[in-house]
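What follows is each chain in one-letter form.
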Amino acid sequence: MKSGFVAILGRPNAGKSTLLNALTGEKVAIVSAKPQTTRNRIAGVVEVEAQKGVHPAAQIVFVDTPGVHKPGSHLDRRMLQEVYEALETRDVVLVLMDATRRVQFEESKSGGDGVEISQVPEGEGPGAPGVGGKKINERTKWVSEDEFLFGLIRKVDCPVFLVLTKIDLVPKDHLLPLIDTLTRQFNFAQIIPISARKRDGLDLLVRKIVDALPKGERYYPKDQYTDQPQRFMVAELIRESILVETGEEVPYAAAVVIERFEEAKPFVPRKKGAVPARAPLTRIAAAIYCERDGQKAILIGKGGAKLKEIGTAARRKIESLLGTRVYLELHVIVEPNWRESKSFVESLDWRNQLERLGEDQITEKDADG
């Protein structure tokens, strides 16, 4: 058997989350036409059956990452560090390039503003504003986002695949000049054109990944398709509805925090042959954070109409995820300039949320005891 981690990198809207969902066959990551939809590392687990004479069975852990873009806030810098953390543990890297978009490679020139990653001085640990031994130095020069992306992969020591996405939207003769431009920048182990929407090229991509993976056992149980807890997936589905239902700056200034999650109690019939009651009910309360009163007014809408639309759309998606009826309660809170608040941004990470939940449960047990 083979197993390993595959980091998915790319510019915003390159199709990373769409590919992850297509590979897993599940709604693992939210998707929208707006850039910077993904804010956290998201793992999707794919079980690959053995094919006699082709490859052994494998478990591939795909790690979706935020789109590589110029950071303008602490939230953006945290998103960029999610990319770096995904690169710290990986066996293969997929670089997704949107075949419909023109690429830009240009060296930085003096006087420009930008971002580079440098090592944290010894003794500082993974401190602010960096994570995992890296920090972001905003005083250095920013190159084009394509060049910055390729600068990341030039530092890795594993196979790197070029994955051209959305090939169903461009003429085939457009691909060769694009491939020529990109291969001048990096010697890719594989070049695979795909259309995740039509599933073109996905079987070939999986087969080539399995070939490149090391031998190893499963990292996750066979029936598990993501590492995300349901609370985080629910929060993301609410945020997806905000992305769809609102425009302008509101989606980028919105964050969702689950305040209460009461799981549905399983139905147990009182006697044999009893008619089952209606589907169990899950009760969820969530806060939508924004930065200004004007954004709050947009989110709520006239007479609460917009918030109701967001809630209705989100509830349907959550019911599909959980397999229960859902009672969803939403309210909007103004948290001025939260994207620049390190503590608030860190609190949105579901890993930190799980740690706090565990601490709260220990405190409650101690109080009861």
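Residues numbered from 1 in each chain as written. Predicted model: local features only at pLDDT ≥ 70, side-chain atom pairs only at ≥ 80, totals over all residues. Heavy atoms only, no water.

### Let's talk about the overall build of the protein chain
If you tally the helices and strands in the protein chain, you get ten helices and eleven strands. A buried classification covers 47% of the 369 residues belonging to the protein chain. Counting contacts in the protein chain only where the partners sit at least 6 residues apart, residues at least 24 apart contribute 74% of the total. Accessible area of the protein chain: about 18700 Å², with a carbon and sulfur share of 48%. (Helix = DSSP H or I, 4+ residues; strand = E, 2+ residues; numbered from the N terminus. Buried < 20%, exposed > 50% of the residue type's maximum accessible area, 1.4 Å probe, protein only. Contact = heavy atoms within 4.5 Å. Areas by Shrake-Rupley, 256 points an atom, 1.4 Å probe, with all protein chains shown as cover.)

### Considerations on the sheet that holds strand β4 (residues 92–98)
With respect to topology, six strands assemble into an open sheet ordered β2-β3-β1-β4-β7-β8, the strand pairing being mixed. The outermost strands of the open sheet, each flanked by one partner alone, are β2 (42–48) and β8 (190–193). If you compare each strand with its neighbour and ignore which way they point, the axes differ by 25 degrees on average. In this sheet, β4 lies alongside strand β1 (residues 2–10) in parallel orientation, the contact comprising five bridges. Paired with Leu9 across the strands is Val95, a residue of β4. The sheet contacts of helix α4 (residues 175–183) involve β4, β7 (160–165) and β8, and relative to β7 the element is tilted by about 150 degrees. (Pairing = 2+ DSSP bridges. Axes fitted to C-alpha atoms, helices over the stretch in contact; angles between N-to-C directions.)

### Describing the nonpolar core
Core analysis: the largest hydrophobic core is formed by 35 residues, its most contacted members being Leu9, Val93, Met97, Ile153, Leu182 and Phe188. Residue assignment for this core shows that the elements contributing at least two residues are β1, β3 (58–64), α2 (74–88), β4, α3 (145–153), β7 and α4. Excluding anything up to four places from it in sequence, Leu182 contacts Met97, Val103, Phe105, Phe150, Leu162, Leu164 and Phe188. Membership of the second largest hydrophobic core comes to 29 residues, among which are Ala14, Val28, Phe62 and Ala196. (Core = buried A, V, L, I, M, F, W, Y, C linked by side-chain atoms within 4.5 Å.)

### Digging into the packing of aromatic side chains
Within this structure, the stated rule accounts for five aromatic pairs. Taken together, a centroid distance of 5.4 Å and an interplanar angle of 50 degrees make the contact between Trp338 and Phe344 tilted. Of the two residues, Trp338 and Phe344, neither departs from the other in class, the shared state being buried. One aromatic cluster is present, built from ring pairs that chain together Phe150, Phe186 and Phe188. Positioned above the aromatic ring of Tyr327, the side-chain terminus of Arg283 is 5.5 Å from the ring centre. (Phe/Tyr/Trp six-rings, centres within 6.5 Å; stacked < 30°, edge-to-face > 60°. Lys NZ or Arg CZ within 6 Å of the ring centre and 35° of its normal.)

### A closer look at the packing of helix α1 (residues 16–24) against helix α5 (residues 202–212)
α5 packs onto α1 with a crossing angle of 85 degrees between their chain directions and a minimal axis gap of 11 Å. Looking at the two axes, α1 sits roughly perpendicular to α5. On α5, the residues touching Leu19, Ala22 and Leu23 of α1 are Leu202, Leu205 and Val206. Here the residues of the contact of α1 with α5 are counted per class, giving six nonpolar, no polar and no charged. (Parallel < 35°, antiparallel > 145°, perpendicular 65-115°, else oblique. Nonpolar A, V, L, I, M, F, W, Y, C, P; charged D, E, K, R; others polar.)

### Re the pairing of β8
One ladder, built from four bridges, connects β7 with β8; its direction is parallel. Paired with Leu164 across the bridge in β8 is Pro193. For the crossover from β7 across α4 to β8, the handedness is right-handed. (Right-handed = clockwise from strand over helix to strand, strands pointing away.)

### Focus: the side chain of Glu291
Tracing the sequence through the fold places Glu291 in the loop between β10 (281–290) and α7 (293–300). What makes Glu291 buried here is its relative accessible area of 9%. At a separation of 2.6 Å, a polar atom in the side chain of Glu291 contacts the side chain of Arg339. Setting aside chain neighbours within four positions, we find Glu291 in contact with Ala253, Val334, Glu335, Pro336, Asn337, Trp338 and Arg339. (Polar contact = N/O pair within 3.5 Å; in protein donor to acceptor, adjacent residues only side chain to side chain.)

### Side note on the environment of Leu321
Among the structural elements, Leu321 can be located in helix α8 (residues 305–322). Since its relative accessible area comes to 23%, Leu321 is described here as partly exposed. The sequence separation of Leu321 and Gln230 amounts to 91 residues, and the corresponding C-alpha distance is 8.6 Å. Apart from the residues lying within four places of it in its own chain, the contact partners of Leu321 are Tyr225, Met233, Val234 and Leu237.

### Points about α5
Along α5, the positions that sit buried rather than exposed are Leu202, Leu205, Val206, Ile209 and Val210. Buried residues in α5, looked at end-on, bunch into an arc of 135 degrees, giving them a common side. (Arc of directions from axis to C-beta.)

### Section: unusual backbone geometry
At Gln36, a residue that is not glycine, the phi angle is positive and equals roughly 60 degrees. Looking at the element boundaries, Gln36 is found in the loop between α1 and β2. On the accessibility criterion, Gln36 (26% relative accessible area) is partly exposed. Positive phi, normally seen in glycine, also occurs at Lys166, with a value near 60 degrees. Note on placement: Lys166 falls in the loop between β7 and α4.

### With respect to the sheet that holds strand β11 (residues 325–334)
In spatial order, the strands read β9-β10-β11; together these three strands make up an open sheet with mixed pairing. Of all strands in the sheet, those bounded by a partner on one side alone are β9 (255–262) and β11. Sheet twist, expressed as the average angle between the axes of neighbouring strands with direction ignored, equals 20 degrees. Where β9 lies against β10, seven bridges are found, and the strand directions are antiparallel. Opposite Val257, over in β10, you have Ala287 as the bridge partner. Strands β9, β10 and β11 of the sheet are contacted by helix α6 (residues 230–245), whose axis makes an angle of about 135 degrees with β9.

Bear in mind that shape data such as this cannot, by itself, settle questions of function.
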